[in-house]
Amino acid sequence: MTYSVNLTKPGDFYEFTIHVKNDGTFDANLTGITMSSIAEHQNYLKYTVTYDGTEYNATTSSLSLPLVAETGDKEVKVRVEYVQPTVAEQLPSEVKTVTLNATLNYSQAA
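So, here's what we can say about the structure. (Residues numbered from 1 in each chain as written. Predicted model: local features only at pLDDT ≥ 70, side-chain atom pairs only at ≥ 80, totals over all residues. Heavy atoms only, no water.)

With respect to the sheet that holds strand β6 (residues 72–82)
Then, number 1: Strand order in the open sheet formed by four strands is β1-β6-β3-β4, with antiparallel pairing between adjacent strands. Bordering the open sheet on either side are β1 (13–22) and β4 (54–56), each of which pairs with just one other strand. Each adjacent strand pair in this sheet contributes to an overall mean axis angle of 20°, direction not counted.
Then, number 2: Taken together, the ten bridges between β1 and β6 define a ladder with antiparallel strand orientation. Paired with glutamate 15 across the bridge in β6 is arginine 79. (Pairing = 2+ DSSP bridges. Helix = DSSP H or I, 4+ residues; strand = E, 2+ residues; numbered from the N terminus. Axes fitted to C-alpha atoms, helices over the stretch in contact; angles between N-to-C directions.)

Observations regarding unusual backbone geometry
Then, number 1: Even without being glycine, aspartate 52 reaches a positive phi, approximately 55°.
Then, number 2: In this model, glutamate 70 sits at a positive phi of 65°, which is unusual for a non-glycine residue.
Then, number 3: Overall, glutamate 70 belongs to the partly exposed group, its relative accessible area being 49%. (Buried < 20%, exposed > 50% of the residue type's maximum accessible area, 1.4 Å probe, protein only.)

With respect to the environment of valine 5
Then, number 1: If you trace the backbone, valine 5 turns up in the segment before β1.
Then, number 2: Considering only alpha carbons, one finds valine 5 and isoleucine 18, 13 residues apart in sequence, at a separation of 17 Å.

So, the pattern of salt bridges
Then, number 1: Under the criterion given, the structure shown has four salt bridges.
Then, number 2: In this structure, glutamate 15 engages arginine 79 in a salt bridge whose closest nitrogen and oxygen atoms are separated by 2.9 Å. With a gap of 64 residues between them, glutamate 15 in strand β1 and arginine 79 in strand β6 connect regions that are remote in the sequence.
Then, number 3: The class of glutamate 15 is partly exposed, set by a relative accessible area of 33%.
Then, number 4: Here arginine 79 falls in the partly exposed class, since its relative accessible area comes to 23%.
Then, number 5: One salt bridge connects glutamate 81 with arginine 79, and the closest N-O pair in it is separated by 3.4 Å.
Then, number 6: When salt bridges with common partners are traced through the structure, they connect Glu15, Arg79 and Glu81 into a single cluster. (Salt bridge = Lys/Arg side-chain N within 4 Å of Asp/Glu carboxyl O.)

Below is the structure:
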């Protein structure tokens with residue numbers, strides 16, 4: 001999925017939810033979430049992925065969260081927020097294009 005949005009001032013955000021469904025015949029485990037780095041923009045941008053009620057804001061690789069075969073269904077919420085930095089000089093002085101990616105890594109459950 002690709003989304004393109006403009007966040008013009010601190011307090012603006014964009015949020016969307018996707019459904020992850022296991023239509024297969026084997027149970028699966030979410031083993032990790034790989035998220036784009038926002039280090040260059042961390043003073044004014046917050047990026048989170050919420051999975052099964054837990055919020056992640058960085059790559060996480062030591063998960064073991066079940067997704068049951070044929071009936072497993074989880075909501076994944078992605079939120080990008082333009083936040084007010086502690087010092088006004090940390091705001092970008094020109095329009096910035098930021099590309100963010102999140103990958104959910106699954107493996108077959110034992």
